[in-house]
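# Geometric and topological summary
So you can see what is in the structure, the chains are spelled out below.
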Amino acid sequence: MKQNLKNPGPVRKFLPVLLWLAVLIAGIFLVRERIRQLGEDPAVGIGEPGMTGEGPVTDTAVSLFEVPWKHLPTVPRFRLTNQAGEEFDSAAFRGEVYAIYFFFSNCPTICRDLNRQIENLNGRMEGKDIHFVGISVDPGNDTPEVLARYAADFGATVPRWQLLTGPLHRIRELGEYGLRVVIDKSVHTDNIILVD
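Residues numbered from 1 in each chain as written. Predicted model: local features only at pLDDT ≥ 70, side-chain atom pairs only at ≥ 80, totals over all residues. Heavy atoms only, no water.

### Considering the side chain of Asp142
For clarity, the cut-off: Only DSSP runs of H or I covering at least 4 residues are called helices, and only runs of E covering at least 2 are called strands; the numbering of each starts at the N terminus. Burial status follows relative accessibility: with a 1.4 Å probe on protein chains alone, a residue under 20% of its type maximum counts as buried, one over 50% as exposed, and anything between as partly exposed. None of His or the chain ends enter the tally, which takes Lys and Arg as positive and Asp and Glu as negative. Think of a salt bridge as a Lys or Arg side-chain nitrogen and an Asp or Glu carboxyl oxygen that are within 4 Å of each other. Nitrogen and oxygen atoms within 3.5 Å of one another constitute a polar contact, given that in protein one can donate a hydrogen and the other can accept it, and given that sequence-neighbouring residues count only through two side-chain atoms. Note on contacts: a residue pair qualifies if any of its non-hydrogen atoms lie within 4.5 Å across the two residues.
Mapped onto the elements of the fold, Asp142 is located in the loop between strand 6 (130-136) and helix 3 (144-154). As a buried residue without a salt bridge, Asp142 has its nearest oppositely charged side chain in Arg149, at a separation of 8.3 Å. Within the local environment of Asp142, its side chain forms a polar contact with the side chain of Ser105, the two groups lying 2.4 Å apart. Looking at Asp142, its side chain comes within polar contact range of the side chain of Ser136, at 2.5 Å. Setting aside its immediate chain neighbours within four residues, Asp142 contacts Phe104, Ser105, Ser136, Leu147 and Thr165.

### Examining the pattern of salt bridges
Between side chains of opposite charge, pairing is possible as soon as their charged atoms come close. Here the structure, examined in full by the defined rule, presents 5 salt bridges. Here Arg172 and Glu176 are joined by a salt bridge, their closest N and O atoms 3.9 Å apart. In this pair, Arg172 and Glu176 both sit in helix 4 (residues 168-178), 4 residues apart, roughly one turn of the helix. The exposure class of Arg172 is partly exposed, given its relative accessible area of 32%. In the salt-bridge network here, residues are joined through shared partners; they are Arg77, Arg79 and Asp89.

### Here's the deal with unusual backbone geometry
With an omega of 5°, the peptide bond running from Val158 to Pro159 counts as cis. With respect to the element layout, Pro159 can be found in the loop between helix 3 and strand 7 (161-165). Even without being a glycine, Arg180 presents a positive backbone phi close to 60°. Along the chain, Arg180 falls in the loop between helix 4 and strand 8 (193-195). On the accessibility criterion, Arg180 (60% relative accessible area) is exposed.

### Overview of the packing of aromatic side chains
Stated precisely, the cut-off is as follows: For this analysis, a ring pair means two rings from Phe, Tyr or Trp (six-membered ring only for Trp) whose centres lie within 6.5 Å, classed as stacked if their planes differ by under 30 degrees, edge-to-face if by over 60, and tilted for the remaining angles.
A complete count under the given rule lists 8 aromatic pairs for this structure. With 5.4 Å between their ring centres and 15° between their planes, Phe103 and Tyr150 make a pair best called stacked. Residue Phe103 is located in strand 5 (residues 97-103), and its partner Tyr150 is located in helix 3; the two are separated by 47 residues in the primary sequence. Grouping residues by exposure puts Phe103 and Tyr150 together as buried. Connected via pairs of aromatic rings, a cluster forms that spans Tyr101, Phe103, Phe132, Tyr150, Phe154 and Trp161.

### Quick notes on helix 4
Because an α-helix packs 3.6 residues into every turn, residues spaced three or four apart end up facing the same way. Selection criterion: Along the arc lie the directions from the helix axis toward the C-beta atoms.
The complete set of buried residues in helix 4 reads Ile171, Leu174, Gly175 and Gly178. The buried residues of helix 4 occupy an angular sector of 115° when projected down its axis, which confines them to one face. Exposed positions of helix 4 whose direction lies more than 90 degrees from the buried face are His169, Glu173 and Tyr177. One or two steps after helix 4, the chain reaches Arg180, where phi turns positive at roughly 60°.

Structure (structure tokens):
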């Protein structure tokens, strides 16, 4: 018996429409459920300008998510070597604001752009009390001498902007366990992590 392809029948004709309708309904349900969860949890939610779960914010910035300080992770103390060949100890920055990011000097893609962004921030925030800390995910290649040449390309000078290297196991420990980011040349994060 041959099937008539020109007239597929009512069920086959409306099956794609029914499937898309089911996907739409499921999507609406998931969005409503997420909004309901955000409304119940004071630690994470859509915030109003100038408000957090802990009280008013003195800054006029608007944020999408407000997280009280007690819910934020603590960055563990770490020691590495900077581009000047000196030991960097994060304890020296205790109580100060600094930004951490990961890169490697012979990165063929995003690392140069990331360092250009940091260079731009450094210039725009001149006179502000902030430090920048770039950590190499390729310490086998990125010796202090290599980092010193790389730092010169961006005007990165100690102590404000430090490029760090050290044993890979320490860098992985800091990144993966302390900051919860992947430490690998092929998939390292291009995020900038603010530490306060």
